[in-house]
Amino acid sequence: SQQGEEDPQALSIQEGENATMNCSYKTSINNLQWYRQNSGRGLVHLILIRSNEREKHSGRLRVTLDTSKKSSSLLITASRAADTASYFCATRNAGNNRKLIWGLGTSLAVNP
Amino acid sequence: DGGITQSPKYLFRKEGQNVTLSCEQNLNHDAMYWYRQDPGQGLRLIYYSQIVNDFQKGDIAEGYSVSREKKESFPLTVTSAQKNPTAFYLCASTSGEGQPQHFGDGTRLSIL
């Protein structure tokens, strides 16, 4: 069953601009994870943020989590053409740690 | 290098035929997962296994079967009962509950 919903579904920006993607979910979570998928490839884990954390950074990536609004955002700063990919959020629900619940993804195109 | 290897990369199935997708990991992970990805959709869980000789159905298990005889291996069989098998299949593993998942590069299955 799908829980996460990414917004927007597709995003097209110029190199050097920032890209922001949002994820909303419905139930209490243990953690929220962001993954990246290049066309025709497997997913690669980017960042995991726990329910008691509000913000996390990794290089040019910044993730925020607002548990009161049941939402998260992924910000990619100073985007590059190589950032072109699909980005997925996945939640690990409180009380059920065995499965991840996946969103439908945001397709990001960074134009040179 | 540690990782997950899926084979083959492309697979074609004839009417009434069972086909088996291979997934091998050398990450020493206990938990392994099989997902199906259709265009425009997120990942849907087919089966998962927390430990050798044990596995559970996911959200869309009908028409699929798995085995987990070795820690390193989690093959997925797409049976003839699966009437719409055309999709991208992804295998993943994780070191424990709440931890990020590591993915293989997928197998694309098509009908002949």
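Nothing here was measured: the structure is a model prediction, and the numbers come from that model.

Q: With reference to specific residues and values, describe the confidence of the model for chain A.
A: Overall, the prediction assigns chain A a mean pLDDT of 92, with 95% of residues at 70 or greater. The lowest-confidence element of chain A is strand E1 (residues 5-7) of chain A, averaging 79 in pLDDT; the highest-confidence one is strand E7 (residues 61-66) of chain A, averaging 98.

Q: Could you give me a rundown of the interface of chain B and chain A, with the residues and numbers involved?
A: Many analyses report the size of an interface as the accessible area lost when the parts associate. With 25 residues of chain B in contact, the opposing surface of chain A contributes 21 residues. Both sides together, the interface formed by chain B and chain A hides about 1900 Å², and carbon and sulfur atoms give 49% of it. At the boundary of chain B and chain A, one finds two salt bridges. Salt-bridge contacts for Asp-105 of chain B lead to Arg-41 of chain A; the nearest nitrogen and oxygen are separated by 2.8 Å. Linking chain B to chain A there are seven residue pairs in polar contact (both at pLDDT 80 or more). For the side of chain B that touches chain A, the secondary structure elements donating two or more residues are strand E4 (31-37), strand E5 (43-51) and strand E9 (87-94) of chain B. Its residues assigned to classes, the side of chain B that touches chain A comprises nine nonpolar, 10 polar and six charged.

Q: I'd like to hear about the sheet that holds E7 of chain A, residue by residue, with values.
A: Residues and elements named next belong to chain A. Read across the sheet, five strands follow the order E1-E3-E8-E7-E6 without closing on themselves; strand pairing throughout is antiparallel. In this open sheet, the two edge strands, each paired with only one partner strand, are E1 and strand E6 (55-58). In this sheet, adjacent strand axes meet at a mean angle of 15° when their direction is disregarded. Bridging between E1 and strand E3 (residues 19-24) involves three bridges; their strand directions are antiparallel.

Q: Outline the sheet that holds strand E3 (residues 19-25) of chain B, listing residues and values.
A: All names here are of chain B. Read across the sheet, four strands follow the order E1-E3-E8-E7 without closing on themselves; strand pairing throughout is antiparallel. Two strands in the sheet have a free side with no partner beyond their single neighbour: strand E1 (4-7) and strand E7 (64-66). Across the sheet, the mean angle separating the axes of adjacent strands is 20° when strand polarity is ignored.

Q: How would you explain the pairing of E9 of chain B if you had to name every residue and give the values?
A: Each regular strand carries side chains that alternate between the two faces of the sheet. Residues and elements named next belong to chain B. Burial within E9 is extensive, with eight of its eight residues counted as buried. Neither face of E9 is left uncovered, since the one carrying Ala-87, Tyr-89, Cys-91 and Ser-93 and the one carrying Phe-88, Leu-90, Ala-92 and Thr-94 both have all their residues buried. Where E9 and strand E10 (residues 102-103) come together, two bridges link them in antiparallel fashion. Across the sheet, the residue bridging to Ser-93 is His-102, located in E10.

Conventions and cut-offs
Residues numbered from 1 in each chain as written. Chains lettered and ligands numbered in written order. Predicted model: local features only at pLDDT ≥ 70, side-chain atom pairs only at ≥ 80, totals over all residues. Heavy atoms only, no water. pLDDT = per-residue confidence, 0-100. Helix = DSSP H or I, 4+ residues; strand = E, 2+ residues; numbered from the N terminus. Contact = heavy atoms within 4.5 Å. Buried area = accessible area lost by both parts, 1.4 Å probe. Salt bridge = Lys/Arg side-chain N within 4 Å of Asp/Glu carboxyl O. Polar contact = N/O pair within 3.5 Å; in protein donor to acceptor, adjacent residues only side chain to side chain. Nonpolar A, V, L, I, M, F, W, Y, C, P; charged D, E, K, R; others polar. Pairing = 2+ DSSP bridges. Axes fitted to C-alpha atoms, helices over the stretch in contact; angles between N-to-C directions. Buried < 20%, exposed > 50% of the residue type's maximum accessible area, 1.4 Å probe, protein only.

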